[in-house]
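Residues per chain, in single letters:
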Amino acid sequence: LKLSRGAMGWTLHVHPLQYGGFRLEHKCLIAAACNGVDISVRSDAGGVDRLPALVTEQGVLYSSSSIARYIAGVRRDTGLLGDSFEQEGEIDSWVCFARESLEIPLCIYCYPARGLWQGNGDVQKYREAALSEVSAACAALESRLAASKFLCGELFTLADIAVLVPLEQSAKEITAMLGKFPRLQAWIKVCSALPAVSRVMRPAPAAAKPSPCVKVDKPPPKKIKGCSPPSGCEVLPGPQSFKSNRSALDQLCTRRFFFRPGSEIYGGVAGFFTYGPPGCAIKSNFLQLWRRHFVVEEQLLEIEDTNIMTSQVLTASGHVERFNDFMVKDVKDESKFYRADKLIEEVMQKKIDEATDEASKTEYQKVMNQADGYSREELMGVISKYDIRSPETGNPLGEPYEFNLMFPVPIGPSGNQQGYLRPETAQGIFLNYKYCLEQNGNRLPFGVAQIGRVYRNEIAPRAGLTRMREFSQCEIEWFVKPTDKSCTKFADVKHLTLLFHPQAQQLDGEDPIWLSLETAVAEGIVDNETLGYFIGRVYLLMRKIGIKEQHLRFRQHLPKEMAHYASDCWDCEIECCLGWLECVGIADRSCFDLNAHAQATKEDLQYRETLDPPIVRECVKLSKQGLQDLMKVFGKKGKQVRAWYDSMQKEDPTSFGAFVERVKKEGSVTVAVDCDTNLEFTPSMLQGTETENKKITTLRYTPGVIEPSLGVDRVLFCLWEHCYYARPAEGDEKATRGVLAIPPALAPYKVIILPVDQRISRDARFHDAYRVLKTGLTRRRVAYTLDDAASATIGKRYARNDELGIPYAVTMDQTTFEDGTATLRERDSMAQVRVKLEDLPELVSQLCLGLTDWEACTKRFPANSQ
């Protein structure tokens, strides 16, 4: 054995040929791994294998069977028959230190000392030695369970135990042996009921939530019954109507240049689009409406940050490590690749459409609901089970692998500084949080907004604007006190009845339910009032722009799907020709981002709340010796524990007492002590406490964050589908006429000005009247355009402007020159009234601002009789 220290830490070098004895080697591996030591095993062939870490962040074994498989591999490579225990006493002391001093719950780790290799040895003696070790290990585990010490990090079944004794009949003997250990037997039953993929127990970095006040493990999703739907929403119609119109809408968007592929004359590149004049105007109007709805009404601060961010920023935020999607390739044609979860969703949707029995539909629906949260192993399992193949070639697919979605950008002439095109606008807000807080007079809660372009290197961009590599985002970060997420303005939206799809319904493959926001928050379906308030505000925005209520729902992220920063997250989904499409995410990001950037930069990003008057409270704290003992328990993680404890004392001296009581009540509590480390605390670790009365004048804490994040292009894609319809052909017309019935606030032009025919357009009096209208409309900031191509009939000109979504048309005719009136036509009803020219600009302005409506106009002004 050789222990050395290098740049990456301590390494234990094991040379099996030197000592032999796999019991010796096995215990070395366990003891070293439990102490955070890297391990190098050198075989006689000279090859070096790196053993992956065998323990979680708490120093708990992953899986006994994984060690057994590893040791078996070493035996296979070296051909050793170990029977030497010269240093067994030393190794036993290591194991004793790991088990008792560090309180590491070692699980079944036995591997027979006097092994059987290539048919040599006494089989009966081998079995007896193996069963003896299994029995001793089971007794140790039973003792730990009796002491109420949770075996964190180790899920095992009878198969895991039996694999250590590679004789078929051993399973029966082990089963009989387990009868002596009722607590362990019950634990095995619990573990056996869990999905197989959950037996890899190392917490992924994505699970880290660096806030001492955030519980890592959430309770199971709660299921409640829904209420009656709003009138007209009793039956959800599905996407069929959108699918039937999609082809005509695509032709319209291309022909009238709402948008086209970027660089189209060079063939275009998937995932990039150019907005034409009408599309650009609609998008600009939507952004202005979003600003009025959120920035103005919620008194947000708006910033504009850079599109390129340095590697340090996105490393701290977790994007460099975790901003990945799983990709699969065609095994025979590697130019064909697909995003694994989306491919599964498409296949499941097709199976649902083709299924004839409800059981199959429910099964496929469950798989589709959970596809976005599947691990690599689960994705592979689904692909194998349903024989999912390349949709283009029918060839088998390879194993899923991670693909980072960010675009790298070298900065500077040397290119030595690494940067990335930003994958979201949120990070720019977090970087400037402290300056915005100053601008807000150091008051909490408050919000910061940003609108901008973001960039994601999508694996398979498709379906127009729904999966782009460059798109626009509107994001809000609403900073709140993490222990108080109540919202006084929640009363304004709590009466709203929305279509929710909570976790419990998704996991059971059930349909969404209608709930009032008040009930959703009260029942804990939605985590808090502030989150509920922004869900309501997003709903009101969607209805305001013309999204149909029965095609609008809010879906809760599943536990495995939840973003690494979120404690609760809902997607506002809009039904379109592609099914339910995520358009807005409303997430409770907890304190993740501010803590991550504070730790990376050593900047103080905590908020200081002054208490007036001060309060005196009895506070629980660790004694000096108690803190030292706690740090020793966690070994190398002791410094992180000390920093976490000090931070808790600074933020709120009373919080540690509440934490101690919670640990005593629950038996064990897992918290994130920093961005990358989850640790479990048990009552025995927190014995050295004492109390004192403290006068508290200031509370320090890192604000929590509620984030509504909206994808502009997806919303527009769905909006056009919801607003488009075909008007039946009239007279001798052969084709239907498309109409884009978007609200006036979003229309590219609010009004079109037309001469009824060529005689009017050539008359000088028409141009005088046009100038009057133009001046009045311009002063009121009403966008207008002129269609004087009088060679076409007035009906055709109405139709071609209806498909642009222009809500009003002013038509001048001979009567205009006689009495100074013109026809005002409304797009959707096609009704017309006669209005004085000087009154038209103000009337159109009021209609577009919602200060009056068309029904009031028909009562106020005479109908057009021509």
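About the thresholds
Residues numbered from 1 in each chain as written. Predicted model: local features only at pLDDT ≥ 70, side-chain atom pairs only at ≥ 80, totals over all residues. Heavy atoms only, no water. Helix = DSSP H or I, 4+ residues; strand = E, 2+ residues; numbered from the N terminus. Areas by Shrake-Rupley, 256 points an atom, 1.4 Å probe, with all protein chains shown as cover. Salt bridge = Lys/Arg side-chain N within 4 Å of Asp/Glu carboxyl O. Buried < 20%, exposed > 50% of the residue type's maximum accessible area, 1.4 Å probe, protein only. Axes fitted to C-alpha atoms, helices over the stretch in contact; angles between N-to-C directions. Parallel < 35°, antiparallel > 145°, perpendicular 65-115°, else oblique. Left-handed = near helix turned anticlockwise from the far one by under 90°. Contact = heavy atoms within 4.5 Å. Pairing = 2+ DSSP bridges. Core = buried A, V, L, I, M, F, W, Y, C linked by side-chain atoms within 4.5 Å. Expected span 1.5 Å × (residues − 1). Phe/Tyr/Trp six-rings, centres within 6.5 Å; stacked < 30°, edge-to-face > 60°. Lys NZ or Arg CZ within 6 Å of the ring centre and 35° of its normal. Nonpolar A, V, L, I, M, F, W, Y, C, P; charged D, E, K, R; others polar.

## Re the overall build of the protein
On a plain count of helices and strands, the protein comes out with 31 helices and 32 strands. As displayed, the protein has an accessible area near 39,600 Å², and 51% of this comes from carbon and sulfur atoms.

## Let's talk about the pattern of salt bridges
Under the counting rule described, the total for this entry stands at 47 salt bridges. Here Asp604 and Arg608 are joined by a salt bridge, their closest N and O atoms 2.2 Å apart. The class for Asp604 is partly exposed, based on a relative accessible area of 37%. By relative accessible area, Arg608 is classed as partly exposed at 39%. In this structure, a network of salt bridges that share partners links the residues Glu297, Glu298, Lys489 and Arg537.

## A look at the packing of helix 10 (residues 277-296) against helix 25 (residues 712-723)
For any two helices packed against each other, one specifies the crossing angle of their axes together with the interaxial distance. Here helix 10 crosses helix 25 at 110 degrees, and the two axes come no closer than 11 Å. Our classification of the angle between helix 10 and helix 25 gives roughly perpendicular. Crossing hand, helix 10 versus helix 25: right-handed. The segment helix 10 lies against helix 25, with Gly279, Ile282, Lys283, Phe286 and Leu287 engaging Val712, Asp713, Val715, Leu716 and Trp720.

## Some details on the sheet that holds strand 29 (residues 784-786)
Across the sheet, which stays open at both edges, the 5 strands sit in the order 29-28-30-31-32 with mixed pairing between neighbours. At either end of the open sheet lies a strand with only one pairing partner, and these are strand 29 and strand 32 (832-836). Ignoring which end each strand starts from, the neighbouring axes of this sheet average 25 degrees apart. Alignment of strand 28 (residues 751-755) against strand 29, held across 3 bridges, turns out to be parallel. Residue pairing across strands places Ile752 opposite Thr785, the latter belonging to strand 29. Along the sheet, helix 28 (residues 794-802) makes contact with strand 28, strand 30 (808-812), strand 31 (821-826) and strand 32, crossing strand 28 at roughly 165 degrees. Where helix 30 (residues 840-849) meets the sheet, its contacts fall on strand 28, strand 30, strand 31 and strand 32, and the angle it forms with strand 31 comes to roughly 15 degrees.

## Points about the sheet that holds strand 18 (residues 552-556)
With mixed pairing, 9 strands are arranged side by side in an open sheet as 7-14-15-25-20-19-18-16-17. With one partner strand each, in any of the chains shown, strand 7 (301-303) and strand 17 (513-516) form the two edges of the open sheet. Taken pair by pair, the neighbouring strands of this sheet meet at an average axis angle of 30 degrees, ignoring direction. Together, strand 15 (470-480), strand 16 (497-501), strand 18, strand 19 (568-576), strand 20 (579-590) and strand 25 (704-711) form the strand contacts of helix 20 (residues 529-545), whose direction differs from that of strand 20 by roughly 150 degrees.

## Quick look at the environment of Pro278
One can find Pro278 in helix 10. By relative accessible area, which is 8% here, Pro278 ends up buried. The spacing of Pro278 and Phe258 is 20 residues in sequence and 5.4 Å in space, taken between C-alpha atoms. Setting aside chain neighbours within four positions, we find Pro278 in contact with Arg256, Phe257, Phe258, Pro748 and Leu804.

## Some thoughts on the nonpolar core
Counting 82 residues, the largest nonpolar core has Met542 and Trp720 as the members making the most contacts within it. It is helix 20 that contributes the most residues to this core, 9 residues altogether. Once residues lying within four places of it in the same chain are set aside, the contact partners of Trp720 are Leu249, Cys253, Phe258, Phe259, Tyr275, Gly279, Ile282, Leu465, Leu740 and Ile742.

## Remarks on the environment of Gln640
With respect to the element layout, Gln640 can be found in helix 23 (residues 638-651). Separated by 37 residues in the primary sequence, Gln640 and Thr677 place their C-alpha atoms 8.4 Å from one another. Those residues in contact with Gln640 that sit more than four places away from it in its chain are Val673, Asp674 and Thr677.

## Concerning the environment of Leu611
In this structure, Leu611 sits in strand 21 (residues 607-622). Sequence separation of Leu611 and Ile696 is 85 residues, and the distance between their C-alpha atoms is 7.5 Å. The contact partners of Leu611, leaving out residues within four places of it in the chain, are Ile696, Thr697 and Leu699.

## Topic: helix 23
For helix 23, which comprises 14 residues, the first-to-last C-alpha distance of 20 Å matches the rise-based estimate of 20 Å (1.5 Å per residue) to within 8%. Considered for burial, the residues of helix 23 that qualify are Gly638, Val641, Trp644, Tyr645, Met648, Gln649 and Glu651. Close packing links the buried residues of helix 23 with strand 21, helix 22 (624-633), helix 24 (655-666), strand 22 (669-674), strand 23 (677-681) and strand 24 (689-701).

## With respect to the packing of aromatic side chains
This model, assessed by the stated rule, comprises 22 aromatic pairs. Where Phe656 meets Phe659, the ring centres are 6.2 Å apart and the plane angle is 35 degrees; that geometry is what we call tilted. Taken together, the residues span about one helical turn, with Phe656 and Phe659 both in helix 24 at a distance of 3 residues. Neither Phe656 nor Phe659 differs from the other in exposure class; each is buried. Taken together, the ring pairs connect Phe634, Trp644, Tyr645, Phe656, Phe659 and Phe681 into an aromatic cluster. In this arrangement the basic side chain of Arg825 is found over the ring face of Tyr798, its NZ or CZ atom lying 4.3 Å from the centre.

## Some remarks on the packing of helix 23 against helix 24
Here helix 23 crosses helix 24 at 120 degrees, and the two axes come no closer than 8 Å. Relative to helix 24, the element helix 23 lies oblique. On helix 24, the residues touching Trp644, Tyr645, Met648 and Gln649 of helix 23 are Ser655, Phe656 and Phe659. The residue makeup of the contact of helix 23 with helix 24, split by class, is 5 nonpolar, 2 polar and no charged.

## Topic: the side chain of Asp802
With respect to the helices and strands, Asp802 occurs in helix 28. Residue contacts for Asp802: discarding those within four places in its chain leaves Arg727, Gly738, Val739, Leu740, Arg825 and Arg827.

## Side note on unusual backbone geometry
Cis peptide bonds are those with omega within 30 degrees of zero, and the linkage from Leu444 to Pro445 qualifies with 0 degrees. Assignment of secondary structure puts Pro445 in the loop between helix 17 (433-439) and strand 14 (446-455). Residue Pro613 is reached from Asp612 by a cis peptide bond, and omega for that bond is 5 degrees. Considering the arrangement of structural elements, one finds Pro613 in strand 21. For Arg781, which is not glycine, the phi torsion reads 60 degrees and is therefore positive.

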